[in-house]
Amino acid sequence: MAGLKTASGDYIDSSWELNVAVEELGPEAEPLTLRVTGDVHIGGVMLQIVDKIEVKQNWSDHALWWEQKKLWLLKTNWTLDKYGLQADARLRYTPQHKPVRLQLPNRRMIRVHASFSEPVFRAVAGICRVLSIRHAEELSLLRAPEEKNKKKRKGPALGTEDEFDLSGVVLPASAEQQPFRGMPAHFSDSPTTEACYRMLSVSWTGLTPEHVLKMPRPSNLVEKAQINSRWLSSSRSLMQQDVLENEQLWLRFKYYNFFDLEPKYDAVRITQLYEQARWAVLLEETESTEEEMMVFAALQYHINKLSLSADPTEPDGEQGMDDLDSALSNLQVKLEGGTSTSDMLENLTTIPELKDYLRIFRPRKLTLKGYKQHWVVFKETSISYYKSREEALGEPVQQLNLKGCEVVPDVNISGQKFCIRLLVPSPEGMSEVYLRCEDEQQYAHWMAGCRLAAKGRTMADSTYQSEVQNILSFLQLQRASPDMPAAPDAEAMGTQWLVSPRYQKKFKPKQLTPRILEAHQNVAQLSLTEAKMRFIQAWQSLPDFGISYFVVRFKGSRKDEILGIANNRLIRIDLAVGDVVKTWRYSNMRQWNVNWDIRQVAIEFDEHINVAFSSVSAGCNIVHEYIGGYIFLSTRSTDKGRGLDEELFYKLTGGHEAL
C-alpha cells in the first residue's frame with residue numbers, strides 16, 4: 001500500500017511503517033517493513049507479508065504475534081486500530097503449531113506438534129488426540145525442573161535414550177479415531193509410528209534399581225508442594241507463558257478423577273495412568289505400608305512379565321468371549337425379570353444399617369488407655385456407640401457424624417489388625433477415633449460405609465457393594481500364600497526395581513524376592529489389562545492418593561501450613577508434623593473468589609465458615625485452577641452426545657484472565 005508523497009519524499013497521509021519479523025527468513029534476517037494505516041485489517045497485513053516474502057509454501061498455520069503485549073492477533077477481520085497497534089509494535093509472523101518435547105507419565109520422551117496459540121487446555125486436547133488418550137481434561141502440562149549437578153550425572157537420563165517423534169502427525173480437529181490393524185490409523189503409517197504406539201500402550205520393561213534411585217523424589221511435604229508450582233496455566237497459550245519451540249515439558253494426569261476408564265478404548269490411557277501410579281509409589285510421592293508395597297511389587301512383576309510378549313494390537317485373550325458372556329447374562333436377566341416390585345420398593349425405602357461389637361480407641365493427651373469394646377450402630381451417615389447392646393435404646397456414649405470426615409485404613413494382615421482411623425470435623429478441629437474390627441469381612445463392610453458417609457452418601461448407595469468387594473480384593477492381594485510354587489524367572493528379572501528406595505535399603509534381594517513371589521500368587525491369573533487396572537485401584541485406595549500439596553499462609557496465622565487439594569475436599573495440614581488439622585468438602589462450598597491484588601484465595605462454606613489463604617509455594621492462579629478444575633470435572637456427564645463445556649472450565653479456573 002503506497003501513501004501519498006511530497007516532492008521531498010515525505011508521506012502526507014495517515015500511513016505509517018510497521019515492522020514484522022518472519023521466522024522462516026531466519027533469526028539474522030532484517031524485519032520486513034510494511035506501510036499501513038490504522039484501518040487495515042490483520043488479514044490484509046498477512047497478505048502483504050506473503051506477497052513481500054515471495055516464498056511459495058502453505059502459510060495457513062501462520063499468524064501474527066505481538067511481542068510486547070504477548071498477544072496473538074487471531075481476529076483477522078479486526079483492524080490495527082481496533083487492536084491498538086502502533087508503529088512501535090514488534091510483530092512476528094510465526095506458525096501457530098510448533099514442536100515440543102514431552103516427557104510422558106511413563107518417563108519416555110516424545111516429540112509432537114502442539115498449538116502455541118490456543119489455551120493450554122485446548123493444546124493438551126490436541127496432543128492427547130494424537131497420543132490416543134481420551135478425556136484430555138484430566139491431564140495438563142508442567143515445566144520440566146531445572147537439572148542440578150549436570151556434571152555428576154553418568155549416562156543418559158531415563159527415557160532420553162530413544163526419543164520418539166510424532167511431530168509429523170497432524171490430525172484435523174473433526175477426525176474420528178478410526179482403528180486400523182488394531183491401533184489408531186495414524187500409528188499404522190510406518191514402523192516408526194508403530195513402535196511409538198507400542199511405547200505408549202505397553203509398559204517399558206527395561207527398568208533397573210539404578211533408574212529408581214537416580215530419579216529425584218520428594219522427601220517431605222514442602223518438596224511435594226514444589227512440584228505443583230510448575231503447572232502451566234490452562235487458560236493461557238504456551239506462547240503467552242514463554243514456552244519455546246522444542247522445549248521439554250511434562251505431560252501428566254493433573255486431576256485424580258478418572259472418568260469412564262474403558263479397556264476397549266483406553267489402551268494408552270490405562271498404560272500411562274498405570275505408569276504415573278507406579279512412579280508415584282516407587283518415588284514415595286504416595287505413601288504405602290510394607291505389605292502394600294509388596295502387592296504393588298507383585299503387580300509390577302506380573303505386568304512386566306506379560307509386557308515382554310504383549311502385542312498392543314491384539315486385545316486381552318478372552319475379551320471377545322467376555323463381551324459375549326456379558327451380553328448373554330444381561331439378556332438372561334431381562335428375560336427372567338429382576339427383583340419383584342415389592343422388593344424394589346423395600347430397597348428404595350430401607351437404608352441398610354450396620355450393628356456390631358467393635359473396639360474403639362480415642363487418643364487423648366496424658367492417657368494410656370487402650371481399646372474398649374462397644375456396641376456400635378452405623379445408621380445413614382452417623383456412627384453411635386454404646387457401652388453394651390442392651391443400652392442401645394438409650395443415649396449413646398457418643399455420636400459421630402461422618403460427613404466430611406477423613407477415613408484412613410490402618411491394616412496389618414500378618415498381625416490381624418483391621419483398624420479404621422476417623423478424623424471427624426469438630427469446632428475445635430479434627431477429633432480422632434479408631435475403630436478396630438475382628439476380621440476382613442467386618443472391616444470391609446464398615447470401611448465401605450465410612451467412605452460413603454464421608455461423601456455424604458449412605459449404604460443404600462449403588463456403589464456400596466462394589467466398594468466392599470474392592471476392599472476385600474485388595475486385602476486378599478496382601479495375604480501371603482506360602483504353599484504356592486515360586487516362579488523360577490524372578491531372580492533373573494531382579495526384584496529390587498519393583499520397590500521404592502526405602503525398601504531397597506531395608507531388604508536384601510534374597511529377602512525381597514520370596515516376599516514378592518508370595519504376593520504374586522494372588523495376581524498370577526490376571527490378564528495384562530486387569531493387572532494394570534488392579535494396580536490403579538490399589539493406588540486409589542491409599543490414604544494419600546490424589547492429594548496435591550501447596551505451602552500456604554492462612555489468614556490470621558503467623559506460620560506456613562500445607563493445603564492439600566483432593567478431588568472432593570480441601571485439607572489443612574500441619575507443616576511440622578503432617579497431621580490433618582481440618583477438612584472442607586467441595587459439596588459444602590458456597591462460593592470462592594481470588595483477590596488478585598493481594599493474591600489471596602477466599603472461600604465461603606455452609607454455616608458461614610470462611611477460609612482465606614495466600615499461596616507461598618505456587619502462583620495463586622495454580623491453586624485457583626486446581627479447585628475450579630475439580631468442580632468442573634464433577635459436572636461431566638456419561639451422556640456420550642454431550643461434549644465438555646469449555647467456557648465453563650475457563651470461567652471456573654481462569655479467573656480474570658478467562659473473563
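Residues numbered from 1 in each chain as written. Predicted model: local features only at pLDDT ≥ 70, side-chain atom pairs only at ≥ 80, totals over all residues. Heavy atoms only, no water.

Looking at an unreviewed UniProt entry, the protein carries the name FERM domain containing kindlin 3, with the source organism given as Chrysemys picta bellii. Its UniProt record gives the protein the following Sequence similarities (unreviewed entry) comment, quoted word for word: "Belongs to the kindlin family." (UniProt positions renumbered as here; feature names shortened; annotations may be inferred.)

Engineer: Could you clarify how one ought to interpret the packing of helix H7 (residues 267-282) against helix H8 (residues 290-307) in this entry?
Structural biologist: Helix packing for two helices is described by the angle between their axes and how far apart those axes are. Close contact between H7 and H8 brings their axes to 11 Å; oriented N to C, the two are set at 140°. Relative to H8, the element H7 lies oblique. Of the two possible hands of crossing, H7 and H8 adopt the one that is left-handed. Of H8, the residues touching H7 (which contributes Tyr 274, Arg 278, Val 281 and Leu 282) are Met 293, Phe 296, Gln 300 and Ile 303. (Axes fitted to C-alpha atoms, helices over the stretch in contact; angles between N-to-C directions. Helix = DSSP H or I, 4+ residues; strand = E, 2+ residues; numbered from the N terminus. Parallel < 35°, antiparallel > 145°, perpendicular 65-115°, else oblique. Left-handed = near helix turned anticlockwise from the far one by under 90°. Contact = heavy atoms within 4.5 Å.)

Engineer: What is the right way to look at the pattern of salt bridges in this model?
Structural biologist: Two side chains carrying opposite charge are able to pair once their charged atoms lie near each other. According to the stated counting rule, one finds 35 salt bridges in the structure shown. Note that Arg 569 and Glu 406 form a salt bridge whose closest N and O atoms lie 2.4 Å from each other. Highlighted residues: Arg 569 in strand S22 (residues 569-573) and Glu 406 in strand S17 (residues 406-412), separated in sequence by 163 residues. Each member of the pair Arg 569 and Glu 406 is classed as buried. With its nearest N and O atoms 3.2 Å apart, the salt bridge here joins Asp 410 to Lys 417. (Salt bridge = Lys/Arg side-chain N within 4 Å of Asp/Glu carboxyl O. Buried < 20%, exposed > 50% of the residue type's maximum accessible area, 1.4 Å probe, protein only.)

Engineer: What's the story with the sheet that holds strand S6 (residues 97-103) in this structure? I'm lost.
Structural biologist: Adjacent strands of a sheet pair through backbone hydrogen bonds, lying either parallel or antiparallel. Reading across the sheet, the 5 strands line up as S8-S12-S6-S7-S9 and stay open at both edges, with mixed pairing between neighbours. One side of each edge strand has no neighbouring strand; the edge strands of this open sheet are strand S8 (139-143) and strand S9 (164-165). In this sheet, strand S12 (residues 248-253) lies alongside S8 in antiparallel orientation, the contact comprising 5 bridges. Looking across to S12, one finds that Ser 140 is bridged to Arg 252. On the sheet, helix H3 (residues 120-131) packs against S6, strand S7 (109-115), S8 and S12 and is oriented at approximately 110° with respect to S8. (Pairing = 2+ DSSP bridges.)

Engineer: Please clarify how the pairing of strand S23 (residues 580-585) should be interpreted in this entry.
Structural biologist: Moving residue by residue along a regular strand, the side chains alternate between the two faces of the sheet. The pairing of S22 with S23 spans 5 bridges and is classified as antiparallel. Bridge pairing in S23 links Ile 571 to Thr 583. In textbook terms, the turn of a hairpin is the stretch between consecutive antiparallel strands, and for S22 and S23 this stretch comprises 6 residues, one of which, Gly 578, has a positive phi near 80°.

Engineer: Before we go on, may I ask you to explain the packing of aromatic side chains in this structure?
Structural biologist: Aromatic ring pairs are defined here through the distance separating the ring centres and the angle between the ring planes. Counted by the stated rule, this structure contains 33 aromatic pairs. For the pair Phe 187 and Tyr 197, a centre-to-centre distance of 5.1 Å together with 45° between the ring planes defines the contact as tilted. Remark: Tyr 197 occurs in helix H4 (residues 191-201) and Phe 187 occurs in the loop between strand S11 (183-184) and H4; sequence separation between them is 10 residues. Note on Phe 187: relative accessible area 0%, which makes it buried. Centre to centre, the rings of Tyr 274 and Phe 535 are 5.0 Å apart; their planes meet at 85°, and the pair counts as edge-to-face. Residue Tyr 274 is located in helix H7, and its partner Phe 535 is located in helix H16 (residues 528-540); the two are separated by 261 residues in the primary sequence. An aromatic cluster is present here, built from Trp 231, Tyr 255, Phe 550, Tyr 586, Tyr 626 and Tyr 630 joined pairwise through their rings. Here Arg 108 stacks its cationic end above the ring of Trp 204, 4.5 Å away from the centre of that ring. Over the face of the ring belonging to Phe 554 we find Arg 572, whose NZ or CZ atom lies 4.0 Å from the ring centre. (Phe/Tyr/Trp six-rings, centres within 6.5 Å; stacked < 30°, edge-to-face > 60°. Lys NZ or Arg CZ within 6 Å of the ring centre and 35° of its normal.)

Engineer: Please explain helix H1 (residues 42-53) as it appears in this structure.
Structural biologist: Residues spaced three or four apart along an α-helix face the same direction, because each turn holds 3.6 residues. Taking 1.5 Å as the rise per residue, H1 with 12 residues should run 16 Å; its terminal C-alpha atoms sit 17 Å apart, in good agreement. In this fold, the buried residues of H1 make contact with strand S1 (16-22), strand S2 (32-36), strand S3 (62-66), strand S4 (71-73), helix H2 (80-83) and strand S5 (90-95). Two residues or fewer after H1 comes Glu 54, characterised by a positive phi angle close to 60°. (Expected span 1.5 Å × (residues − 1).)

Engineer: For this particular structure, what's the right way to read the side chain of Ser 388?
Structural biologist: Mapped onto the elements of the fold, Ser 388 is located in the loop between strand S15 (382-386) and strand S16 (398-401). Those residues in contact with Ser 388 that sit more than four places away from it in its chain are Tyr 357 and Trp 375.

Engineer: Which parts of the structure should I look at to understand the packing of H8 against helix H12 (residues 464-478)?
Structural biologist: In the contact formed by H8 and H12, the axes pass within 8 Å of each other and the chain directions differ by 85°. As judged from the angle between their axes, H8 and H12 are roughly perpendicular. Listed contacts from H12 to Glu 291, Glu 292, Val 295 and Leu 299 of H8 are Phe 474, Leu 477 and Gln 478. Of the residues assigned to the contact of H8 with H12, the class counts are 4 nonpolar, 1 polar and 2 charged. (Nonpolar A, V, L, I, M, F, W, Y, C, P; charged D, E, K, R; others polar.)

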